[in-house]
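As a plain string of letters, each chain reads:
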Amino acid sequence: MIPINVSLSHYKRSDVQEEIIANSKDREVAVKFNDSFGKRPDVLRHASDILELAKQGATSFHASEELWKNSLQLDPSLRKHELDNLRIGWDLVLDIDCGFFEYSKIAADLIIKALKFHKVNSISCKFSGNKGFHIGVPFEAFPEKVRNEETKNLFPDAPRKIALYIKEMIKKPLGEKIMESENNDFNAIIEKTGKKAGEITYYSSKNRTLNAEPFLNIDTLLISSRHLYRMPYSLHEKSGLVSTPLNPEKVLLFRKEFAIPKNARISKHRFLNRDNAESSEAKQLLMEAMDFAIKLETINSKGKKEFAMPEKALPDELFPPCVKLILNGLSDGRKRALFILVNYFTSIGWDYDMAEKRLKEWNAKNKEPLREVYLLGQLRYHKQMQKKILPPNCSNEMYMLGIGVCKPDNFCQKIRNPAQYTTRKAWIMNRGSRGKTKIKAEPTKTI
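About the cut-offs
- Residues numbered from 1 in each chain as written.
- Predicted model: local features only at pLDDT ≥ 70, side-chain atom pairs only at ≥ 80, totals over all residues.
- Heavy atoms only, no water.
- Helix = DSSP H or I, 4+ residues; strand = E, 2+ residues; numbered from the N terminus.
- Areas by Shrake-Rupley, 256 points an atom, 1.4 Å probe, with all protein chains shown as cover.
- Lys, Arg positive; Asp, Glu negative; His and termini not counted.
- Charge placed at Lys NZ, Arg CZ, Asp CG, Glu CD.
- Axes fitted to C-alpha atoms, helices over the stretch in contact; angles between N-to-C directions.
- Parallel < 35°, antiparallel > 145°, perpendicular 65-115°, else oblique.
- Contact = heavy atoms within 4.5 Å.
- Nonpolar A, V, L, I, M, F, W, Y, C, P; charged D, E, K, R; others polar.
- Buried < 20%, exposed > 50% of the residue type's maximum accessible area, 1.4 Å probe, protein only.
- Polar contact = N/O pair within 3.5 Å; in protein donor to acceptor, adjacent residues only side chain to side chain.
- Pairing = 2+ DSSP bridges.
- Expected span 1.5 Å × (residues − 1).
- Salt bridge = Lys/Arg side-chain N within 4 Å of Asp/Glu carboxyl O.
- Patch = residues over 30% accessible without salt bridge, like charges linked within 9 Å, V, L, I, M, F, W, Y side chains within 5 Å.
- pLDDT = per-residue confidence, 0-100.
- Core = buried A, V, L, I, M, F, W, Y, C linked by side-chain atoms within 4.5 Å.
- Phe/Tyr/Trp six-rings, centres within 6.5 Å; stacked < 30°, edge-to-face > 60°.
- Lys NZ or Arg CZ within 6 Å of the ring centre and 35° of its normal.

J.: An account of the overall build of the protein chain is needed here, citing residue identities and associated values.
T.: Scanning the protein chain from terminus to terminus reveals 13 helices and 17 strands. Each principal axis of the C-alpha distribution contributes one length, and for the protein chain these read about 95 × 55 × 40 Å. Total accessible area on the protein chain is roughly 23100 Å²; 48% of this is exposed by carbon and sulfur atoms. In the protein chain, 75 side chains carry a positive charge and 56 a negative one; their mean positions are 5 Å apart.

J.: Got a sec to walk through the packing of helix H2 (residues 14-24) against helix H3 (residues 47-55)? Specific residues and values, please.
T.: Where H2 contacts H3, the two axes come as close as 8 Å, and the packing angle between them is 110°. If you check the angle between H2 and H3, you find them roughly perpendicular. On H3, the residues that touch Gln17, Ile20 and Ile21 of H2 are Ala47, Ser48, Ile50 and Leu51. Taken together, the residues of the contact of H2 with H3 sort by class into five nonpolar, two polar and no charged.

J.: Break down the side chain of Thr244 for me, citing the residues and quoting the values.
T.: Relative to the elements of secondary structure, Thr244 occurs in the loop between strand S14 (228-230) and strand S15 (245-246). Note on Thr244: relative accessible area 5%, which makes it buried. A distance of 2.8 Å separates the side chain of Thr244 from the backbone oxygen of Val242, its partner in a polar contact. Among all residues touching Thr244, those that are not within four sequence positions of it are Cys125, Lys126, Phe127, Phe254 and Ala259.

J.: Describe the sheet that holds strand S13 (residues 216-218), with residues and values.
T.: Here we have five strands laid out as an open sheet, ordered S13-S6-S8-S7-S15, and antiparallel in their pairing. Single-partner strands in this sheet number two, and they are S13 and S15. Here strand S7 (residues 124-127) runs beside S15; their pairing, made up of two bridges, is antiparallel. Each residue of the ladder has a partner; that of Lys126, found in S15, is Pro245. Seen against the sheet, helix H5 (residues 101-117) touches strand S6 (92-98), S7, strand S8 (133-137) and S13 and runs at an angle of roughly 15° to S8. Against the sheet, helix H6 (residues 157-181) engages S6 and S13, with an angle of about 150° to S13.

J.: An account of H2 is requested, with residue identities and associated values reported.
T.: Buried within H2 we find Val16, Gln17, Glu19, Ile20, Ile21, Asn23 and Ser24. Following H2 by one or two positions, Asp26 adopts a phi angle in the positive range, close to 65°.

J.: Describe in detail the pairing of strand S3 (residues 60-64), supporting the description with residues and values.
T.: Regular strands show a simple pattern: their side chains alternate between the two faces of the sheet. Counting buried positions along S3 yields five of five residues, so the element is predominantly enclosed. Across the two faces of S3 the burial is the same, with Ser60, His62 and Ser64 and Phe61 and Ala63 all buried. For strand S1 (residues 29-33) and S3, the ladder comprises four bridges, and the chain directions are antiparallel. Looking at the pairing, Lys32 lines up with Ser60 of S3.

J.: If you had to explain H5 to someone new, which residues and values would you point to?
T.: Compared with the 24 Å implied by 1.5 Å per residue over 17 residues, the 24 Å span of H5 between its first and last C-alpha is a close match. Of all 17 residues in H5, 13 are buried, a share of seventy percent or more. Downstream of H5 by a residue or two, Lys119 has a phi angle that is positive, lying close to 70°.

J.: Can you lay out the pattern of salt bridges for me, pointing to particular residues and giving the numbers?
T.: In total, this model carries 26 salt bridges according to the counting rule given. Among the salt bridges present, the one from Asp26 reaches Lys25, with a minimum N-O distance of 3.2 Å.

J.: Describe the sheet that holds S14, listing the residues and the values that go with them.
T.: Within the open sheet, the four strands sit side by side as S2-S1-S3-S14. Their pairing is antiparallel. Of all strands in the sheet, those bounded by a partner on one side alone are strand S2 (36-37) and S14.

J.: Could you give me a rundown of a negative patch on the surface, with the residues and numbers involved?
T.: Residues Glu144, Glu149, Glu150 and Asp157 make up a contiguous surface patch of negative charge. By the secondary structure assignment, Glu149 is in strand S10 (residues 149-150). Glu149 sits in the partly exposed class, given a relative accessible area of 38%.

J.: How would you sum up the confidence of the model for the protein chain? Please name residues and give values.
T.: In the predicted model, the protein chain carries a mean pLDDT of 88, and the fraction of residues at 70 or more is 91%. Per-residue pLDDT stays below 50 along residues 435-447; that stretch engages in 24 contacts with residues further than four places along the chain or on separate chains.

J.: Describe the nonpolar core, listing the residues and the values that go with them.
T.: Counting 61 residues, the largest nonpolar core has Phe133, Ile135, Ile178, Phe215 and Leu216 as the members making the most contacts within it. Among the secondary structure elements, those contributing two or more residues to this core are S6, H5, S7, S8, H6, helix H7 (186-193), S13 and helix H8 (283-300). Per-element accounting of this core gives the leading share, 10 residues, to H5. Beyond its immediate stretch of four places on either side in the chain, Ile178 contacts Tyr103, Ile106, Ile189, Leu210, Ala212, Phe215 and Leu216.

J.: Describe in detail the packing of aromatic side chains, supporting the description with residues and values.
T.: The final tally for this structure, using the stated rule, is 23 aromatic pairs. The positively charged end of Lys126 is found above the aromatic ring belonging to Phe271, 5.5 Å away from the centroid. The ring of Tyr399 is capped by Arg147, whose NZ or CZ atom sits 5.9 Å from the centre of that ring.

J.: Describe in detail the pairing of S1, supporting the description with residues and values.
T.: Within S1, four of the five residues are buried, which leaves it mostly tucked inside the rest of the structure. Direction of pairing for S1 relative to S2: antiparallel, over a ladder of two bridges. Bridge assignment links Phe33 to a residue of S2, and that residue is Ser36. Between the antiparallel neighbours S1 and S2 lie two residues, among them Asn34 with a positive phi of about 55°.

Okay, here's the thing in structure tokens:
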């Protein structure tokens, strides 16, 4: 509960009003009155609106991640295509939810580093006002289209996939950094979090590793249409602190004392500053996240009939048309093609040495070859999973269709997957040989 004298004193500041108004542009706004929200949808048009609402008991202001042509037209009855027509974009807001402030800072710092690794520079960060942080990337950093679909229509799927991808990317270093912060005292973490050892431990290569997920979460599934975040310089009802933007390079130095209302200063690092964004700088991030989601979906698919991996490597003559076209070299879609080829080769009995040799030959034919370190890294990642997965199905619009290599022959109509094309054709030809010379196949090594 925030005393009205505190909220009035804070929201009467003209600099606070200006920052909240700037952040509210093109967004749906929801006003909170201590324990309950006011009407939705709502908007903020003038700085004076903020003080007037504070006089009525408003304690905090929240805004949509989505950007709208006219947010007052929003209604729960609207269908997806109607929302898509009304939406002009969306910002990526990664919400770190943790009961332990110091651990949240570590997670925020790692997320910022992960975004920078993907060449994203227009990163902003703010203290949530309680125990977490919000990391933001403006919509202007994303491409207008991705895989023939307007990016503005990819909400909430795209930010969910990015959040899931980043979450997995920082999982191991997050555990390591938290352990370092506690001087590698695992018992101190157990005592602080109240979790049992088995709940926050996983084993890899016989080494015990801290799994922070049970007590530190990056919001993924809760990202949904009309999802809201606490606006910068808005008060937090539980802590009474200000949701304060900060320099993303110095998140580890942030202290809660900076967010006490009387101490709060307007940062030169504006949250979701569109002026800092370069068009398509976050394209690589989005593409990698979408590819990762497909990998995960394939690995976690349940109830599907097991695919019988051949015992011997099947030869080139049995490759489907799409794979043959890819192997001729591409000018676009090379990363998606690499994902197809790695899973295809290992699904038709090829070992990793054979796959590596052919992938390097293919890469040399591409108009702009992939970096070899990336190619080998993807192959190594697949090997480390210790589980072979099929390439994407022929009907998956992001892959064979998306990169323009789906040129079916008469046999394609009988199958659903490139690997199935090859194994089924091998089975038919071997069955038809009836004692004649069967298809030659290279022996495979144990992987």
